[in-house]
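Observations on the three-dimensional arrangement
This is what each chain is made of:
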Amino acid sequence: MGFYLIKRLLLMIPLFIGITIISFGVIHLAPGSPIDMATDLNPKATAEVKERMRAFYGLDKPLHVQYRNWMSRLVTLDFGNSFSPDGRKVSDKILERLPITIFLNVASLAIILLAAIPLGVLSAAYQHTLFDKVTTVLVFIGFAVPHFWLALLLMILFGVQLGWLPISGLKSLNYEYLPFATQVWDRISHLILPIFISASGGLAGLSRYMRSNMLEVIRQDYITTARSKGLSSRTVIFKHALRNALLPVITILGLSIPGLIGGSVIFETIFAIPGMGQLFYASVMARDYPTIMGILVIGAVLTLVGNLVADLSYALADPRIRQT
Amino acid sequence: MREEKRTNAGKTGQETLSLLFWKRFQKNKLGLLGAFIVLSLFVVAVFAPWIAPYDPGQIRIKRVLEEPGAEHLFGTDPLGRDVFSRMIWGSRISLLVGFVAVGIATAIGIFLGALAGYYGRWIDSLIMRFVDIMLCFPTFFLILAVIALLEPSIWNIMIVIGVTNWMGVARLVRAEFLSQKERDYTVAERALGAKDFRIIFRHILPNAMAPVLVSATLGIAGAILTESALSFLGIGVQPPTPSWGNILTAGKDNIDIAWWLSFYPGMAILVTVMGYNLLGEAIRDSIDPRLK
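Counting restarts for each chain: residues are numbered from 1 in the order of the written sequence. Starting at A for chains and at 1 for ligands, labels are handed out in the order in which the entities are written. The predicted nature of this model means local features are confined to residues of pLDDT at least 70 and side-chain atom pairs, given and counted, to a pLDDT of 80 or more, with totals for whole chains, interfaces and linings taken over all residues.

On to the overall build of chain A. Numbering of helices and strands starts at the N terminus; helices are DSSP runs of H or I of at least 4 residues and strands are runs of E of at least 2. The helix and strand tally for chain A stands at 12 helices and 0 strands. For chain A, the sequential pattern of α-helices and β-strands runs α-α-α-α-α-α-α-α-α-α-α-α. Labels follow a simple rule on C-beta atoms placed from the backbone: if 20 or more others lie within 10 Å of a residue's own, it is buried; if 12 or fewer, it is exposed; otherwise it is partly exposed. The buried share among the 324 residues of chain A stands at 32%.

A tally of regular secondary structure across chain B gives 12 helices and 0 strands. For chain B, the spread of C-alpha atoms along the principal axes amounts to about 75 × 45 × 30 Å. Of all 292 residues assigned to chain B, the portion counted as buried reaches 46%. At a minimum sequence separation of 6, the contacts of chain B that also span at least 24 residues come to 70%. A residue pair is marked as a contact if its C-beta atoms, positioned from the backbone, fall within 7 Å.

Next up on the list: the nonpolar core. A set of buried residues drawn from Ala, Val, Leu, Ile, Met, Phe, Trp, Tyr and Cys, joined through C-beta atoms within 7 Å, is what defines a nonpolar core. One finds Phe280(A), Ile295(A), Phe141(B), Leu144(B), Ala145(B) and Val173(B) to be the most contacted residues of the largest nonpolar core, which totals 136 residues. Top element by residues in this core is helix 10 (residues 196–233) of chain B. It accounts for 17 residues. Dropping the residues within four chain positions of it, Phe141(B) is found in contact with Gly262(A), Phe280(A), Ile295(A), Leu296(A) and Gly299(A).

Moving on, we get to helix 1 (residues 2–27) of chain A. One less than the residue count of a helix, multiplied by 1.5 Å, gives the span that helix is expected to have. Between the first and last C-alpha of helix 1 of chain A there are 38 Å, a value that for 26 residues agrees with the 38 Å anticipated at 1.5 Å per step. Among the residues of helix 1 of chain A, Leu15(A), Ile19(A), Thr20(A) and Ser23(A) are the ones counted as buried. As for helix 1 of chain A, its buried residues are in contact with helix 4 (63–74) and helix 12 (289–317) of chain A together with helix 5 (121–136) of chain B.

Moving on to the environment of Val212(B). As for its placement among the helices and strands, Val212(B) is situated in helix 10. Ignoring any residue separated from it by four or fewer positions in sequence, one finds Val212(B) in contact with Thr106(B), Ile110(B), Val169(B), Leu172(B) and Val173(B).

Residues and elements named next belong to chain A. Interhelical geometry of helix 11 (residues 276–286) versus helix 12 gives an angle of 145° and a closest axis separation of 9 Å. Helix-helix and strand crossings are classified by hand; for helix 11 and helix 12 the assignment is left-handed. Side by side, helix 11 and helix 12 meet where Met 276, Leu 279, Phe 280, Ser 283 and Val 284 of the first sit next to Thr 291, Ile 292 and Ile 295 of the second. Looking at the contact of helix 11 with helix 12, its residues break down into 6 nonpolar, 2 polar and no charged. For helices, the fitted line uses only the C-alpha atoms of the stretch in contact; every axis is such a line through C-alpha atoms, and the angle between N-to-C directions lies from 0 to 180 degrees. Throughout, a crossing is termed right-handed when the near helix is turned clockwise from the far one, and left-handed when it is turned anticlockwise from it by less than a right angle. Only Asp, Glu, Lys and Arg are considered charged, only Ala, Val, Leu, Ile, Met, Phe, Trp, Tyr, Cys and Pro nonpolar, and every remaining residue, Gly among them, polar.

Residues and elements named next belong to chain B. As for its position among the elements, Ser 243 is in the loop between helix 10 and helix 11 (244–253). Along the sequence, Ser 243 and Asp 253 sit 10 residues apart, while their C-alpha atoms lie 16 Å from each other. Excluding anything up to four places from it in sequence, Ser 243 contacts Gly 90, Ile 93, Ser 231, Gly 236 and Val 237.

As a further point, take helix 11 of chain A. Where burial is concerned, most of helix 11 of chain A is hidden: 8 out of the 11 residues are buried. For helix 11 of chain A, the complete set of buried residues consists of Met276(A), Gly277(A), Gln278(A), Leu279(A), Phe280(A), Tyr281(A), Ser283(A) and Val284(A).

Omega for the bond connecting Pro239(B) with Pro240(B) falls within 30 degrees of zero, at 10°, which places this linkage in the cis form. Of note, Pro240(B) is situated in the loop between helix 10 and helix 11.

Residue and element names in this part refer to chain B. One can describe the packing of helix 4 (residues 83–119) onto helix 8 (residues 167–180) by two numbers: an axis separation of 7 Å at closest approach and a directional angle of 35°. The two elements helix 4 and helix 8 meet at a crossing, and its hand is right-handed. Each of Ala 105, Thr 106, Gly 109, Ile 110, Leu 112, Gly 113, Ala 114, Ala 116, Gly 117 and Tyr 118 in helix 4 lies in contact with helix 8, whose residues at this interface are Val 169, Ala 170, Arg 171, Leu 172, Val 173, Arg 174, Glu 176, Phe 177 and Leu 178.

Turning our attention to the confidence of the model for chain B. Detailed conclusions should not be drawn from predicted coordinates in areas where pLDDT is low. Looking at chain B as a whole, its pLDDT mean stands at 82, while 92% of the residues score no less than 70. Across the predicted assembly, pTM comes out at 0.83 and ipTM at 0.79. A score between 0 and 100, pLDDT records how confident the predictor is in each residue.

What follows covers the environment of Ile287(B). Residues and elements named next belong to chain B. Relative to the assigned elements, Ile 287 resides in helix 12 (residues 259–287). Classification of Ile 287 as partly exposed rests on a count of 18 C-beta atoms within 10 Å. Placed 248 residues apart in sequence, Ile 287 and Leu 39 show a C-alpha to C-alpha distance of 21 Å. Dropping the residues within four chain positions of it, Ile 287 is found in contact with Phe 21 and Ala 210.

Below, the structure written as structure tokens:
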């Protein structure tokens, strides 16, 4: 097991280097340089000033030297300073928003797991019944629906017309003045819509996958053996079939992490939640390159870590993998 | 010499496989529904100038934010433009982006997948590492970052979506090539001295096309979703060019007074994407050799 872990960690290194190379390449796609952006509107910026700025930022050095400098700062988590008016360190800005995004994504994952697995299992167990057919239709719609649209619709329904749930932010404006119990509900009610929307995408995929996996497992010989031994249907399904069908689910969860992180851009922006996704969107609109790059790299690293955890969990669950 | 390709052999050989596909496809009701939706959308997009009741760009200040009614089927937007007409013209954008983006993604995927699958060894490892790296990025982040650095024009969107979605196709094609490489007909062709290029493109590739077709159809659905999300965020198709996504932006800004701006474009996206999904799934089921 430890050996497997070391192997996986070593494999991660070239991936990480590749991520940084591509991110570095992406930022150099920009026509014009950051210097031009900062000095274009300033009539006093002469050519000499630009040259000095260029030297100061190290932009006059050849590309691979720039890459090396960038990398050496990167591993100490120094992403430079933001281009936006507050000019704070990028790592500070990201760090203060990261917990919220991680919390939202983990909560979504939890909901996806809790809802999709039973749905998939029951659909497989009661195949071709009304329940199965209805679920299949809902899943298909779930695949096709644009999530930001679903968010808008639910906001209109629950926020505007029914007034049950708030539609933006993490807490109400009068949060400080509310009694404790109401405060708790306030926090929760602000999170309900965002988490639900975030989860609905992965839910459709996972429950469908769960269903087809269970169907395959149920057809296996050992299930027939179990049934013929006289075990109740319930034991057969939940104790034997489920365990084996569950294994690939771990991998699927790992694969859906980049989707969740990317999706957080949309619904954090819609629901005005101060997370990393919203910061990314604001940086994109403001052309704040250091922050954009910082979040890009962090997003990719989070995905790497998520996949690593998924792989390790799979190895924990399935002893056959550890032999390789 | 008998060759195992589906694109040649005797006429009877070819007809049997395609005929089989059609027969199974026709029986799939949902697939037919999907095909119907896809075709209708084509018709709407092609005949947009004749179908749309109003000029999609015509601003009428007196008619701002009108509810849906007899004169304006889907209401008007904050500039008084007819939403129905804008949506009809928007279908052109969606289809254009869908097809071009997927075209680019499929081209890249086929090229890299064929290289990896056919030549194997270090080329394969290198390309597969590249695929793994690309898969690590949250795609949406990458797309946003690139479009922020370039300008949000429709061509940039198509290219970027294409460049970030080729990985699935590459894996599929590579798998096909790996399995076809050692088949008798390939070995025979090499023995006869056929050049690599010819073997790859004229012989193995046509056999690999079926799963690629499925992937492309589903990919169009995904591209349409992505384009609408980008336009919604304001980084996609820019107004005044109508796109279903940017009508929804107005919907968000007027969420409490103009529900129709949010409802109809989203419905259109939903139905379109569903159509392509159903079509793609039906093609996949009709090709699947395991169900025979």
